[in-house]
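Summary of the model geometry
These are the residues of each chain, in order.
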Amino acid sequence: MLGTMYSILSPGGNVQSGARIPSLALDQQLHLYRLMCLNRRVDDQMIRLQRQGRLGFYVGSQGEEAAIIGSAFALEPRDWVVPCYRELGAALVKGFPLIDLFSQFFGNSRDLTKGRQMPNHYANHDLRVTSISSPVGSQIPHAIGLALGARLAGNDDVALVYFGDGATSQGDFHVATNFAGVFKTPTILFCRNNQWAISVPVESQTASRNMAVKATAYGIEGVRVDGNDIFAVYDVTSKAVAKARRGEGPTLIEAVTYRRGGHSTSDDPNSYRDDAEVEPWIERDPILRFRLYLTRQGHWDDDKEQALEDEVRATIRNSLDEAFRSGPPSLDTVFEDVYDEMPWHLREQMESVCTPEEFQTVEQGT
Amino acid sequence: MPSIPMNQAIREALHEEMARDSSIFVLGEDVIAHGGPYAVTRGIAEQFPDRIRQTPISEAAIVGTAVGAALCGLRPVAEIMYVDFITCAMDEVVNQMAKVRYMFGGQTDVPVILRLPSGSARLIAAQHSQSLEAWFMHVPGLQVAVPSTPRDAKGLMKSALRGRDPVMFIEYKRLYSVKGEVPDTEYVIPFGQADVKRQGEDITVVASGPMVGKALEAARILSAEGIELEVIDPRTLVPLDTDTIFSSVEKTNRAIITDEEVRRGGSSAELASRIAEECFDYLDAPVRRVAAADVPMPFSPVLEKLAVPSVEKLLAAARDLVA
């Protein structure tokens, strides 16, 4: 299941012999740890809200926080994140405010995507987090375009695209990776191999030995990394980013991790896999591993853990309260942004479904 | 005014706009060596060597790459060798290019232009001869331009390159070599403005692409019989200038819609339906459609001739309408 992969920390949080911790200041390490905990708590809270019937749908990332946060942290603010749909942590690294994420989950009037996208399909162009796309793998070519665009515009921005193991079966993965190789675009192709594509195990997804090996066919570098090791993920991604920035082309990174929860709140993994399979991955938990390391280094203890827990819970609660206070989007926005200027046929439809008084009523929140 | 063929008119629009706007770049298969199969992009590699990418064969990656490049502020113009091959990229067209601005909550535009050689020409059968305007019209977010003359092609391409919307730019292959006068001074043709190609009192013929020329030919023949056709070219199907069409129908009280798409579910169906909804009280006869047979385009010249709408079919429809 695991095979050979680059790692720095053992599951017990010890530095592997011969491995070197990447140069991250202590405050950066603690920031990463906080984001991982925040990611986990947001997931827990949203799944709870979904079970309570207060949220329609949610995609969690329990157990994959190191892969997601460690990779995104290797980027500069000007770099592009092209998410799949399980990368809440990358959005947090990018500085996506919680209130904006929660507003998106509820599709309220504060939602940057104006209540048009299903939960977890957030986007923030200013933060360079692109719109999440539901057809699996269809976002991968966009990362080639963003990276090619950077080259054409004469800057050294890079684009990092996330996708799962299932997406490597899609044509878009192959054609995009081929383009990346041919044009040597500054793209990081980041495959979260979490072993499951809804109910289909990775063994049924590909006959390849692993995902990283697929890079060979396209003439690019492929790297396999322990996706539950925050330092290893950060290290390989940093190197890939630096290489891309130097104009030396793309890298395919396979982060070996595990989807601890269901594919989404619409999925029940108990119907297709045994708890016994999940058990070892709880021992390989990325947050626990990082905490054990920080504790051994003398940077962390139970009091700090409790203080962080309290702070994270309060932060989530405050943002949630704020999101719940916002009403629905105004009705007329349904016709906006289809075109740059609203054509007559949309104006006509807008006027036929809503009177100006009705628009006002909605805007007043009644 | 100089008289030039349509492929040259589009080429001029690209060259002039690329000189004006450094964010425009060209990508597609064979766009450097041959300038594409119809030589539209010829010379761009010499004049703008850093702003053209000849790509591996993948329509999906071409469109997906164009979408990504548009997200970071560029204006990609992608050539799809034949519109028939857009099927390989339909997810990127329908789910991405058309919807990204809306799904982003309007935070960004996706000004991608897809150049789409279309229609029957030189006996190239079912997978090189299609007209897929109706597919694209059906997707909110896409604009659809269908020039019928070199002048319109250049002016519409310039508008497309200055707009903020994704554009499906339908180029009829059979029209690439047809010459027409093009102003040698700067001009653009806005989207959503139909052009009355011929005035007449008896029947409104809404014709697009190659059917504009056939409608004008039919009009010359019918004029000798005392039937005057008013030929209207919408030029863009999205946005559509219905005002010009409705005014004409209110004057003539009869309408024929003609294009080279297969008839069932074609753009003619949308136009006929709009006319029926808005001009019912003015109509003296049912709206007629003259379009391609509902079959895949056959190769044999004898069979192809049957499938493609002809001047004769237009004449028959018109004579029947005024009988």
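Residues numbered from 1 in each chain as written. Chains lettered and ligands numbered in written order. Predicted model: local features only at pLDDT ≥ 70, side-chain atom pairs only at ≥ 80, totals over all residues. Heavy atoms only, no water.

Residue and element names in this part refer to chain B. Looking at the assigned domains, one finds that chain B contains domain 1 (3–181) and domain 2 (195–322). Here the C-alpha centre of domain 2 lies 26 Å away from the C-alpha centre of domain 1. Regarding the contact of domain 1 and domain 2, the summed buried area is about 2,000 Å², with carbon and sulfur atoms giving 61% of it. One can count 3 salt bridges joining domain 1 with domain 2. When the shortest N-O distance is used, the salt bridge between Glu260 and Arg174 registers 2.4 Å. Linking domain 1 with domain 2 are 10 residue pairs in polar contact (both at pLDDT 80 or more). At the level of elements, α6 (133–137), β6 (143–145) and α7 (150–162) are the ones that each hand at least two residues to the side of domain 1 that touches domain 2. Residue classes in the side of domain 1 that touches domain 2 are distributed as 15 nonpolar, 7 polar and 4 charged. (Domains from an automatic or database assignment. Buried area = accessible area lost by both parts, 1.4 Å probe. Salt bridge = Lys/Arg side-chain N within 4 Å of Asp/Glu carboxyl O. Polar contact = N/O pair within 3.5 Å; in protein donor to acceptor, adjacent residues only side chain to side chain. Helix = DSSP H or I, 4+ residues; strand = E, 2+ residues; numbered from the N terminus. Nonpolar A, V, L, I, M, F, W, Y, C, P; charged D, E, K, R; others polar.)

Residues and elements named next belong to chain A. In contact at an axis separation of 9 Å, helix α4 (residues 98–106) and helix α11 (residues 302–325) are set at 50° when each is read in the N-to-C sense. Taken together, the axes of α4 and α11 lie oblique to each other. α4 and α11 meet at a crossing whose hand is right-handed. Contacts between α4 and α11 pair Leu98, Ile99, Phe102, Ser103 and Phe106 from the former with Thr315, Ile316, Ser319, Leu320, Glu322, Ala323 and Phe324 from the latter. Its residues placed into classes, the contact of α4 with α11 shows 8 nonpolar, 3 polar and 1 charged. (Axes fitted to C-alpha atoms, helices over the stretch in contact; angles between N-to-C directions. Parallel < 35°, antiparallel > 145°, perpendicular 65-115°, else oblique. Left-handed = near helix turned anticlockwise from the far one by under 90°. Contact = heavy atoms within 4.5 Å.)

The next subject is the sheet that holds strand β3 (residues 52–54) of chain B. Residue and element names in this part refer to chain B. Pairing in this open sheet of 7 strands is mixed, and the strands run β3-β2-β4-β5-β7-β6-β12 from one edge to the other. Each edge of the sheet is formed by a strand with only one pairing partner; in this case those strands are β3 and β12 (236–238). Pairwise comparison of adjacent strand axes, ignoring direction, gives a mean angle of 20° for this sheet. (Pairing = 2+ DSSP bridges.)

To continue, consider the domain arrangement of chain A. All names here are of chain A. The assigned domain composition of chain A is domain 1 (26–329) and domain 2 (330–366). When each unit is reduced to the centre of its C-alpha atoms, the spacing between domain 1 and domain 2 is 35 Å. Together, the buried faces of domain 1 and domain 2 total about 390 Å²; carbon and sulfur atoms form 32% of this surface. Area buried by domain 1 at its contact with domain 2 is led by Lys114, Arg116 and Pro329, which between them contribute 89% of it. Put simply, domain 1 and domain 2 have 3 salt bridges between them. In this structure, the salt-bridge partner of Glu336 is Lys114, at a minimum N-O distance of 3.7 Å. Viewed at the interface, domain 2 and domain 1 are joined by 4 residue pairs in polar contact (both at pLDDT 80 or more). A breakdown of the residues in the side of domain 1 that touches domain 2 according to their chemical character gives 2 nonpolar, no polar and 2 charged.

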